[in-house]
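# Commentary on secondary and tertiary structure
Here's the letter readout for the chains.
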Amino acid sequence: MSTPPARTPSAPSWPHCAHGADPATESVGCRGIHVPGHTACLAHLADPDRTAYLAGLAPGADIDHRGTPFTRHLLTALLDTLRDPTTGNPHLGDALFSGAQFSGAAWFRGARFFGRANFSGARFSRRAEFGEAQFSRDAWFGTNRFDADTGVFDGAQFFGRANFSGARFSRRAEFGEAQFSRDAWFGTNPWSVDTRDFDGAKFSGHAEFGGARFSGHAEFGEAQFSSSAGFGEAQFSDAGAGFGGTRFAGAVWFSSAHFAGEGYFGRAQFSSWTQFSHARFSGDGVFDWAQFSGDVHFGRTQFASHAKFSLARFEGAPSLGPMACAGAVVLSGAVFTAPVTLEIAAQKVICERTRWESTATLRLRYAIVDLNHAVLAAPVAVTAHPAPFTALGDRPMDESLLAGAAGVRVASVQGVDAAHLVLTDTDLADCLFSGAFHLDQLRLGKVAFASAPTGRHYRGIWPTRWSRRRTLAEEHHWRAQTAGQPVLLPGDTPQPGQWRPGPHHPDPALTPDPEDTAALYRHLRKAFEDGKNEPGAADFYYGECEMRRHDRTGTPTVERRLLWAYWLLSGYGLRASRAAGWLLAAMSLTVLLLVGFGLPTHDPDTATAGTLHGNKITLYTSTPAPALHGGWDQRMTWTRAEGATRVAVNSVIFRSSGQNLTTAGTYIEMASRLLEPTLLALAILAIRGRIKR
């Protein structure tokens, strides 16, 4: 197949110079417009005619040099004839340079355009300098090509509309401190390498950058947008985009924009409706110190790195998200003044010292949540969302940036006033509660705490097994520190038979002690009781007693010994099997002691004797004390064991058997009637604590 011939540019719509035209190749030649009264453009006009034409111009004159090729010398000669003698700056009326070609530097700095300024389709091969220029009416630079060096518009003032749509900047484009009094269009521009500098620019009308492509750094620092601004589907390169301190007074769109590098919006002010829905940040999205005074939308926004909102202020946003973040969503120090719902799928959600002045709901997925020293002035609920987020029946949000289980873990509520905090469907295995206030008013839904280590352990030569129960991370950290467990490397997890070391392991000064941990268990037990969760309350009562038993500073020695006995006999009244085991042991011991020492050999016979005084007889009946005779072979019989068992069983229910007993047997029965009902009560209490709701 043959290659089609290259397309030949068509002739322009104006009468053109046609210098160098070649009919054989269908070349139209020079496209410059005729100078009035001549058949050639300014570049190809004879020198005497050009001199005469330039001499006839005056400051403020209308000029039309569409399609004309300009060298630096020719442009300087033209502008020198238009300079105002007072200011020394060129003054132009209507300035038509559409399709013009500037092979040298185009120096329009300080120029005044009192009429239309049209540079559409012009090509600047070297520096294009429009700094501090003033455009009194519309200025058109659409489809321009700035192929080399820099396009400079710093400090320029556009009092009419400004159109740069489709303009192509191959190097730098500088609009620093430029002022746009009416609408400005920059959409679909392919901004190339080292592009930047709209810092300090002021846009009084609508500013449209929709679909613009920034191949270099895009800088809008301290820019002011007094009306609406559109950046929808704009593409920012990995060199980054800077909007630090930018003020958006009207609505602003970044819908479906792509930030290949960092998108920096630190200290930016969003006073009206703000839209980041479907935007993609391949680098960090930084909104530190930003202020959102109106509604803000981050629906389906994707952050491949981190989303930073430290010290940001949200005054009117009813929701934030749903968004997906492969790293951390940082809300540390942020302030939410109105009721808000946050829907976030991220690896981490950091809310250190975040302030909620009204109600809030945090619906999360995959996240580790840190609420360290957060301020809750109204109820705040943290819950795990069971399925990918959707919006108004739309398809589920893409969560391909995230991997692993979608559950939510709370890392810390230290320093939080928990009276307004609600935790539901969250994992609290590593949550730090020390330093929190009003934990007894914390509302807990379905939550999971860490379990005690499993398996068999040895204390010296004695095998032991930890009771299965819910435990706090603070107890794990203290026990790991006292047990001398090794420091875990990042990413490692302890063995099932070990306690979880804390973040400051093995420093005892930074590890919570038993006294503090006992107080945490006490307050959280109250929270379980208020929630009618008796099994949870029972586990935390066990943990409280354990910490008090090990507390050598705040718990007296006598109290610790009583707690030790309480633990040994019944697991603080919470281990029915332990109390039942001791009950059976006590009953067995009672039977054994009664058989050996408490039951007489046989029931004593009563004896009656009397005396006669005249016609009066006085009778006396006496029963000898029960006596025990014979050796062990006569004592250890099934008949005696049956009698002893009846005595022991009656003692359990605090009844007297009516059995004749020796003196020793009487004391044995008294002891059993005191101990065994207590053990039975402890077993019943433990069962009740497990089944009551």
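Up top you'll find the structure we're talking about.
Since the structure is predicted, the reported quantities are computational estimates derived from the model, not experimental observations. (Residues numbered from 1 in each chain as written. Predicted model: local features only at pLDDT ≥ 70, side-chain atom pairs only at ≥ 80, totals over all residues. Heavy atoms only, no water.)

## Overview of the sheet that holds strand β23 (residues 207-208)
An order of β1-β4-β8-β12-β16-β20-β23-β27-β31-β35-β39 is seen for the 11 strands of this open sheet, with the pairing classed as parallel. Each of the sheet's edge strands pairs with one partner strand only, and the pair in question is β1 (63-64) and β39 (296-297). Pairing geometry for strand β27 (residues 229-230) and strand β31 (residues 252-253), over 2 bridges, is parallel. Residue Gly230 lies in a different strand from β31, and its bridge partner there is Trp253. (Pairing = 2+ DSSP bridges. Helix = DSSP H or I, 4+ residues; strand = E, 2+ residues; numbered from the N terminus.)

## Notes on the pairing of strand β50 (residues 380-384)
Counting buried residues in β50 gives 4 out of 5 residues, a clear majority hidden from the surface. Here 5 bridges tie strand β47 (residues 360-365) to β50, and the two strands are oriented parallel to one another. Note on β50: the bridge partner recorded for Leu362 is Val382. Across 4 bridges, β50 lies against strand β52 (residues 421-424) in parallel orientation. Of the residues in β52, the one forming a bridge with Ala381 is Val422. (Buried < 20%, exposed > 50% of the residue type's maximum accessible area, 1.4 Å probe, protein only.)

## A short note on the layout of surface pockets
If you add up the space inside the largest pocket, you get close to 1,100 Å³. Mapped onto the lining of the largest pocket, the elements with two or more residues apiece are β51 (409-412), β56 (450-451) and α3 (473-482). Looking at the lining of the largest pocket element by element, the count peaks at 4 residues for β51. Across the lining of the largest pocket, the residue classes tally to 19 nonpolar, 15 polar and 5 charged. (1 Å grid on protein atoms, 1.4 Å probe; cavity = no way out; pocket = protein on both sides within 12 Å on 5 of 7 lines; lining within 4 Å. Points joined across faces, edges and corners; volume = space filled by probe spheres on them. Nonpolar A, V, L, I, M, F, W, Y, C, P; charged D, E, K, R; others polar.)

## Examining helix α5 (residues 534-550)
With 17 residues, α5 extends 24 Å from end C-alpha to end C-alpha; this agrees with the ideal 24 Å at 1.5 Å per step. The buried fraction of α5 amounts to 13 of the 17 residues, a majority that puts the element mostly inside the structure. By the N-cap criterion, in which a side-chain oxygen at the helix start approaches the backbone nitrogen of a residue two or three places on, α5 is capped by Asn533, the distance to Gly536 being 3.0 Å. (Expected span 1.5 Å × (residues − 1). Polar contact = N/O pair within 3.5 Å; in protein donor to acceptor, adjacent residues only side chain to side chain.)

## Things to note about unusual backbone geometry
Cis geometry is found at the peptide bond from Gly321 to Pro322, where omega equals 5 degrees. The topology assignment puts Pro322 in strand β43 (residues 319-330). Cis geometry is adopted by the peptide bond preceding Pro506, which originates at His505 and carries an omega value of 5 degrees. Phi angles above zero are rare outside glycine, and Glu177 is one such case at about 65 degrees. Located in the positive-phi region is His438, a residue other than glycine, with phi close to 50 degrees. Within the fold, His438 resides in the loop between β53 (426-427) and β54 (443-444).

In short, geometric facts, not functional conclusions.
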